[in-house]
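An overview of the molecular structure
Letter by letter, the chains look like this.
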Protein chains: 4
Amino acid sequence: MTNAQAMLDTYPRTFNVDAQLLAATIDVIVDCASTCTQCADACLSERNAGELAKCIRLNLDCADVCTTTARVVSRQTDYDANVTRAVLDACIATCRSCGDECSQHADHMAHCDICSRACRRCEQACRDLLGAIS
Amino acid sequence: MTNAQAMLDTYPRTFNVDAQLLAATIDVIVDCASTCTQCADACLSERNAGELAKCIRLNLDCADVCTTTARVVSRQTDYDANVTRAVLDACIATCRSCGDECSQHADHMAHCDICSRACRRCEQACRDLLGAIS
Amino acid sequence: MTNAQAMLDTYPRTFNVDAQLLAATIDVIVDCASTCTQCADACLSERNAGELAKCIRLNLDCADVCTTTARVVSRQTDYDANVTRAVLDACIATCRSCGDECSQHADHMAHCDICSRACRRCEQACRDLLGAIS
Amino acid sequence: MTNAQAMLDTYPRTFNVDAQLLAATIDVIVDCASTCTQCADACLSERNAGELAKCIRLNLDCADVCTTTARVVSRQTDYDANVTRAVLDACIATCRSCGDECSQHADHMAHCDICSRACRRCEQACRDLLGAIS
């Protein structure tokens, strides 16, 4: 249980997107960010870490992009649709690349399996939010 | 439900701290970071936002420090106790200041009430982790 | 003088974009991130901070997006064009919105004047890099 | 040339620390953050990347801690000495560990040589700022 929904319920202004959808999306993006940070670290601890450079690099990108995306969509004050859309697009693209890469290692590294599913879920959640705000 | 525990379960090396404690701590820190981002934004949307400058500023600090702390403690590869301890100390100090400030507005702004409790919980979780790794 | 160019000169693999252009772009993005953090704080300290909520919010977004963009474009290992392009697009959109907002306060708040110019320069630098990598 | 000093010159309130010292410190911390991001990526592209896991991990920690430290010290609004001191302490500890690790590879990897010097400089700059605000 996170505070995302409870915090949106206390927001002092109105907002245009469905609060339940937004809170669920924030939770998914935040968890993807953390999962990617952990996956980068787990890859780095594998004996063949040198062969996982591409995966580690995309995990780091995805952790950074998701962290920023969660912050941007969490802010409701004087919402700017152009910023939100472009940031969600970046999150979708990054989750797709990271999810694709992790899925290639999913059968022999459980952290990449979990991470690829976190990226897929985040990509879809960002698409859904993008659809809801357009 | 986040992936923090599941990801730790797949980590390919051993680690010295209890994995359940660590996963629970990561969840609490990550949620505090998000809550502080939302509290800064909610304060900014209040009609008396100008009087909440101190609260907004500490919310921003706490969001940044918690985000970094969650990342550092999530990394288990070649753990450096000096770094982890100093980062946890910074998180404890920042959560204390932010929690103190938010608690002063808790009776008339529900977001500050939730946020002050998130900060208290995070401060305690960081203390517990610090105790477990020392 | 930053280390961006010197660090690129030591990179152990080849990369496809001009190193001088990339180093200059990193410097511009990193400075825009810092400038936006300072502008949000300066706005928050103005006597009419409550009226600057939109500006503060966009400054915070821009600081986050620029920080992430600088990290993503700094990484050369197994470069993913889809990620880089989408992240640069997000940086361009955010710098445009933040620069537009700050420029409206530029004549009576010097920090917004400096910040609007930092955003314009960053927007252009990201466009130039995007052109060079396409 | 960054905007750090120019932005401090426009800050609408007074502040207790010397503005020139603060601006110079921000520049050093921000550059250390970027240098560590680039060093982690350069290490990841080395043929023996798997042996550099500790260095990469500390580079990532140092990039995160320096990014957060630069943000916290850049904020002057309702300055909280307890937060600033604890965050500077964390930055000092992280720069020391990262600088120590990078210095061990400095003779055969130029990026680690540059990065170790960036960390030493940042550690000293944080100590100087800590001395000035105590």
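Residues numbered from 1 in each chain as written. Chains lettered and ligands numbered in written order. Predicted model: local features only at pLDDT ≥ 70, side-chain atom pairs only at ≥ 80, totals over all residues.

Points about the overall build of chain A
- Counting its regular elements, chain A contains five helices and zero strands.
- The order of α-helices and β-strands along chain A, N terminus first, is α-α-α-α-α.
- Computed over C-alpha atoms, the radius of gyration of chain A comes to 16 Å, within 12% of the 14 Å expected from 2.2 N^0.38 for 134 residues, which places it in the range of a compact globule.
- With the principal axes as the frame, chain A shows a C-alpha extent of 50 × 30 × 20 Å.
- The 134 residues of chain A split such that 66% are buried.
- Counted over contacts in chain A with a minimum sequence separation of 6, partners at least 24 positions apart contribute 69%. (Helix = DSSP H or I, 4+ residues; strand = E, 2+ residues; numbered from the N terminus. Rg over C-alpha atoms; globule rule 2.2 N^0.38 Å. Buried ≥ 20, exposed ≤ 12 C-beta atoms within 10 Å, placed from the backbone. Contact = placed C-beta atoms within 7 Å.)

Some words on the relation of the copies chain D and chain C
- For the pair chain D and chain C, the superposition axis carries a translation of 0.0 Å, the fit reaches an RMSD of 0.0 Å, and the rotation angle comes to 180°. As the rotation angle and translation indicate, the two copies are arranged about a two-fold axis. No C-alpha of chain D lies nearer the rotation axis than that of M1(D), which sits 3.5 Å from it.
- Interface residue correspondence from chain D to chain C reaches 100%, placing this contact among same-surface, isologous pairings. (Least-squares fit on C-alpha atoms with pLDDT ≥ 70 in both.)

Concerning the interface of chain D and chain C
- In this assembly, 33 residues from chain D lie in contact with 33 residues from chain C.
- Only helix 1 (4-9), helix 2 (19-44), helix 3 (53-74) and helix 5 (110-133) of chain D provide two or more residues apiece to the side of chain D that touches chain C.
- Take the side of chain D that touches chain C: its biggest share by element is eleven residues, from helix 2 of chain D.
- Its residues assigned to classes, the side of chain D that touches chain C comprises 14 nonpolar, 13 polar and six charged. (Nonpolar A, V, L, I, M, F, W, Y, C, P; charged D, E, K, R; others polar.)

A look at helix 4 (residues 81-103) of chain A
- Here helix 4 of chain A is 23 residues long and its end C-alpha atoms lie 32 Å apart, about the 33 Å a rise of 1.5 Å per residue gives.
- Within helix 4 of chain A, 18 of the 23 residues are buried, which leaves it mostly tucked inside the rest of the structure. (Expected span 1.5 Å × (residues − 1).)

Considerations on the interface of chain C and chain B
- The partner chain B presents eight residues to the eight residues of chain C that form the contact.
- In the side of chain C that touches chain B, the residues fall into four nonpolar, three polar and one charged.

Some words on the environment of V65(B)
- Along the chain, V65(B) turns up in helix 3 (residues 53-74).
- Along the chain, V65(B) and L88(B) lie 23 residues apart, while their C-alpha atoms are 9.4 Å from each other.
- Each residue touching V65(B), except ones within four places of it in the same chain, is listed here: A90(B), C91(B), T94(B), T68(D) and V87(D).

What to know about the packing of helix 3 (residues 53-74) of chain A against helix 4 of chain A
All names here are of chain A.
- Following both chains from N to C, one finds helix 3 and helix 4 inclined at 155°, their axes separated by 9 Å at the closest point. Considering their axes alone, helix 3 and helix 4 lie roughly antiparallel with respect to each other. Like other packed secondary-structure pairs, helix 3 and helix 4 cross with a definite hand, here left-handed. Contacts between helix 3 and helix 4 involve K54, C55, L58, N59, D61, C62, V65, C66, T68, T69, V72 and V73 from the first element and V83, T84, V87, L88, A90, C91, T94, C95, S97, C98, E101 and C102 from the second. (Axes fitted to C-alpha atoms, helices over the stretch in contact; angles between N-to-C directions. Parallel < 35°, antiparallel > 145°, perpendicular 65-115°, else oblique. Left-handed = near helix turned anticlockwise from the far one by under 90°.)

Focus on unusual backbone geometry
- Look at D78(B): it is not a glycine, yet its phi comes out positive at around 50°.
- Relative to the helices and strands, D78(B) is located in the loop between helix 3 and helix 4 (81-103).

A word on the confidence of the model for chain A
- Summarising the model, chain A shows a mean pLDDT of 97, and 100% of its residues fall at 70 or more.
- The ipTM value of the predicted complex is 0.97, and its pTM value is 0.98. (pLDDT = per-residue confidence, 0-100.)

A few points about the environment of C32(A)
Residues and elements named next belong to chain A.
- Counting through the fold element by element, C32 comes out in helix 2 (residues 19-44).
- Residue classification places C32 among the buried positions, given that 34 C-beta atoms sit within 10 Å.
- With 13 residues separating them along the chain, C32 and S45 place their C-alpha atoms 20 Å apart.
- Residue contacts for C32: discarding those within four places in its chain leaves C62, C66, C95, A118, C119 and C122.

So, the environment of A86(C)
- Among the structural elements, A86(C) can be located in helix 4 (residues 81-103).
- Every residue in contact with A86(C), bar those within four places of it in the chain, is listed here: D89(A), A90(A), A93(A) and T94(A).

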